[in-house]
Amino acid sequence: MNRTLTIAFDGKRAANNRTGLGNYSRHIIGLLAKFFPENRYLVFLTKENKNQQFKEILDQNPNIEIVLPKKGLWKKLSSLWRVFGISKEISEYENIIYHGLSNELPLTIKKTNAKSIVTIHDLIFLKFPKYYKFFDRKIYTYKFRKACENADKIIAVSECTKRDIVEIFKISPDKIKVIYQGCDKVFKTEISSETLLNVKQKYNLPDRFLLNVGSIEERKNALLIVKALPHLKEKLPLVIVGKRTKYTLEIEREAEKLGVNNLLHIFDKVPFEDLALIYHLAEVFIYPSRYEGFGIPIIEAINCGVPVVAATGSCLEEAGGPDCQYVNPDDEKALSAAIEKFLYDKEFCKKSVEQSKKYVQRFSEDNQAKQLMECYQLI
């Protein structure tokens, strides 16, 4: 018989990050509160929440409580409170499970009476160190390793991430459970033609376009798509939605060099509520990232009914399943051929979308919630 639990979360990302780890943190907290309302949920924050998405989750789930540092030194040193001082607050609760949702745990977690779980999303900073600053790599390595060593259980978001944890940190595979991430329900919702037309006009989107979503950084490899554009028989525009970085300039320079800069459309700071609508309007979604912990945008695209071309080399096959297309992340001709397969073979495209939609049902909210609760109940 399942016991009622007190589950605590590090809420830093849920309250402060608009994408990525923030989406994951909000999703997990809201998911568990929805499927298992009998439990008590605590979210430890260094300051009052100002994130509107998270506020909506809190408003909908009265069984979620916010815990802030108490007045005094830790109130002033709130960032250090997450690492050291938080253990005192954790120990005030009996039979508590503390879940670090974003790769880390308080360094003093072993001094508490809590059982602990950490979600490790990826170890990309160690697999591809050139994409990270030296000092950042050292901090991440220390925090992630200590979290893996101190946790009673580790959740990896893919088999690929699990292999990396075992290989790099020498953690027993028995300590690690793979629980795949899902995507927000907004990507599974039917959209009216009028709503789609409104967002098309809002961003002045082309009638037909290829789509890439994600931070515009070197590892994500959007440059490969630009290089593939000249090889396409039909010169379709490319829409990139993501945070601009220095790498964006490299993409724009390459587009100009290849004479396809008129096909390139880059949108930064797109509101979350518009993202699913843009997916629905795309012809093909392309995700040529060299390495990912999982690859949520692939699942988002599939749920929106868009065929997917992704890169080999990490875990993207786990996210998309066998009916998406996968190419070498350095082969622009293979990428253009895969895009054209979807554009011109309508039967193949239809089957790919249908089968991929069936495949991603394994990432449903119901499955994820059950697996998480099983993990909590067993430690």
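Structure report, in brief. These numbers were taken from a predicted model, which means no experiment stands behind them.

Conventions and cut-offs
- Residues numbered from 1 in each chain as written.
- Predicted model: local features only at pLDDT ≥ 70, side-chain atom pairs only at ≥ 80, totals over all residues.
- Heavy atoms only, no water.
- Core = buried A, V, L, I, M, F, W, Y, C linked by side-chain atoms within 4.5 Å.
- Buried < 20%, exposed > 50% of the residue type's maximum accessible area, 1.4 Å probe, protein only.
- Helix = DSSP H or I, 4+ residues; strand = E, 2+ residues; numbered from the N terminus.
- Contact = heavy atoms within 4.5 Å.
- Phe/Tyr/Trp six-rings, centres within 6.5 Å; stacked < 30°, edge-to-face > 60°.
- Pairing = 2+ DSSP bridges.
- Axes fitted to C-alpha atoms, helices over the stretch in contact; angles between N-to-C directions.
- Expected span 1.5 Å × (residues − 1).
- Arc of directions from axis to C-beta.
- Parallel < 35°, antiparallel > 145°, perpendicular 65-115°, else oblique.
- Nonpolar A, V, L, I, M, F, W, Y, C, P; charged D, E, K, R; others polar.
- Patch = residues over 30% accessible without salt bridge, like charges linked within 9 Å, V, L, I, M, F, W, Y side chains within 5 Å.
- Areas by Shrake-Rupley, 256 points an atom, 1.4 Å probe, with all protein chains shown as cover.
- Salt bridge = Lys/Arg side-chain N within 4 Å of Asp/Glu carboxyl O.
- Polar contact = N/O pair within 3.5 Å; in protein donor to acceptor, adjacent residues only side chain to side chain.

### Side note on the nonpolar core
Phase 1 of the analysis: Core analysis: the largest hydrophobic core is formed by 41 residues, its most contacted members being Leu211, Ile278, Tyr279, Phe285 and Ile298.
Phase 2 of the analysis: Sorting the residues of this core by element identifies helix 9 (193–202), strand 8 (210–213), strand 9 (238–241), helix 12 (272–281), strand 11 (284–287), helix 13 (296–303), strand 12 (308–311) and helix 14 (316–320) as the ones contributing at least two each.
Phase 3 of the analysis: If you tally residues by element for this core, the top one is helix 12, at 7 residues.
Phase 4 of the analysis: The residues contacting Leu211, other than those within four sequence positions of it, are Leu238, Val239, Val241, Ile278, Tyr279, Ala282, Val284, Phe285 and Ile286.

### Observations concerning the packing of aromatic side chains
Phase 1 of the analysis: On inspection of all chains with the given rule, the structure shows 20 aromatic pairs.
Phase 2 of the analysis: Between Phe128 and Tyr291, the aromatic rings sit 5.4 Å apart at their centres with planes inclined by 50 degrees, giving tilted as the arrangement. Here the residue Phe128 occupies a position in the loop between helix 6 (124–127) and helix 7 (134–150), and Tyr291 occupies one in the loop between strand 11 and helix 13, the gap between them amounting to 163 residues.
Phase 3 of the analysis: Measuring from ring centre to ring centre gives 5.9 Å for Tyr359 and Phe363, while their planes differ by 80 degrees; the resulting arrangement is edge-to-face.
Phase 4 of the analysis: Judged by relative accessible area, which is 2%, Phe363 ranks as buried.
Phase 5 of the analysis: Aromatic ring contacts, followed pair by pair, group Phe187, Phe272, Tyr279, Phe285 and Tyr287 into a single cluster.

### Structural notes on the sheet that holds strand 10 (residues 264–267)
Phase 1 of the analysis: Spatially, 6 strands are ordered 10-9-8-11-12-13 in an open sheet, and the strand pairing comes out parallel. Either end of the sheet is taken by a strand with one partner, and the two such strands are strand 10 and strand 13 (325–327). Taken pair by pair, the neighbouring strands of this sheet meet at an average axis angle of 20 degrees, ignoring direction.
Phase 2 of the analysis: Pairing analysis gives 4 bridges linking strand 9 to strand 10, with the strands arranged parallel. In the strand pairing of strand 10, Leu238 is matched with Leu264.

### Brief notes about helix 16 (residues 346–359)
Phase 1 of the analysis: The first and last C-alpha atoms of helix 16 sit 20 Å apart over 14 residues, in line with the 20 Å expected at 1.5 Å per residue.
Phase 2 of the analysis: Inspection of helix 16 places Cys349, Ser352, Val353, Ser356 and Tyr359 among the buried residues, and these make up the whole buried set. Down the axis of helix 16, the smallest arc covering the buried residues is 125 degrees, so these residues share one side. Turned more than 90 degrees away from the buried face of helix 16 sit Lys346, Glu347, Lys351 and Lys358, all of them exposed.

### Points about the packing of helix 2 (residues 21–35) against helix 17 (residues 365–378)
Phase 1 of the analysis: At a minimum axis distance of 10 Å, the contact between helix 2 and helix 17 shows a crossing angle of 85 degrees. As summarised for this structure, helix 2 and helix 17 are arranged roughly perpendicular, according to the angle between their axes. For the pair helix 2 and helix 17, the contacting residues are Tyr24, His27, Ile28, Leu31, Leu32, Lys34 and Phe35 in the first and Glu365, Asp366, Gln368, Ala369, Leu372, Met373 and Tyr376 in the second.
Phase 2 of the analysis: Class assignment of the residues belonging to the contact of helix 2 with helix 17 gives a composition of 9 nonpolar, 2 polar and 3 charged.

### Points about a nonpolar patch on the surface
Phase 1 of the analysis: A cluster of nonpolar side chains, contributed by Phe134, Phe135, Ile139 and Tyr140, occupies part of the molecular surface with about 410 Å² of accessible area.
Phase 2 of the analysis: Tracing the sequence through the fold places Tyr140 in helix 7.

### Points about the pattern of salt bridges
Phase 1 of the analysis: This model, assessed by the stated rule, comprises 18 salt bridges.
Phase 2 of the analysis: When the shortest N-O distance is used, the salt bridge between Lys127 and Asp164 registers 3.6 Å. Of this pair, Lys127 sits in helix 6 while Asp164 sits in helix 8 (residues 159–169), and the two are 37 residues apart along the sequence.
Phase 3 of the analysis: Across the salt bridge formed by Asp330 and Arg290, the nearest N and O atoms sit 2.7 Å from each other. Pair noted here: Asp330 is in the loop between strand 13 and helix 15 (332–344) and Arg290 is in the loop between strand 11 and helix 13, with a separation of 40 residues, a long-range link.
Phase 4 of the analysis: Salt bridges sharing partners connect three or more residues here, namely Asp10, Arg82, Glu104 and Lys143.

### Digging into the side chain of Glu300
Phase 1 of the analysis: By the element assignment, Glu300 lies in helix 13.
Phase 2 of the analysis: Within the local environment of Glu300, its side chain forms a polar contact with the side chain of Tyr279, the two groups lying 2.8 Å apart.
Phase 3 of the analysis: Aside from chain neighbours lying at most four places away, what touches Glu300 is Cys183, Phe187, Leu275 and Tyr279.

### Let's talk about the pairing of strand 1 (residues 6–10)
Here is the key point about a regular strand: its side chains alternate between the two faces of the sheet.
Phase 1 of the analysis: Across the 5 residues of strand 1, 5 count as buried, placing the element largely inside the fold.
Phase 2 of the analysis: Where burial is concerned, the two faces of strand 1 agree: the one with Thr6, Ala8 and Asp10 and the one with Ile7 and Phe9 are both buried.
Phase 3 of the analysis: Across 5 bridges, the pairing between strand 1 and strand 2 (residues 40–44) is parallel. Within the sheet, the bridge partner assigned to Thr6 lies in strand 2 and is Arg40.
Phase 4 of the analysis: Bridge count for strand 1 against strand 4 (residues 96–100) is 4 bridges, and the pairing is parallel. Counterpart to Ile7 in the pairing with strand 4 is Ile97.

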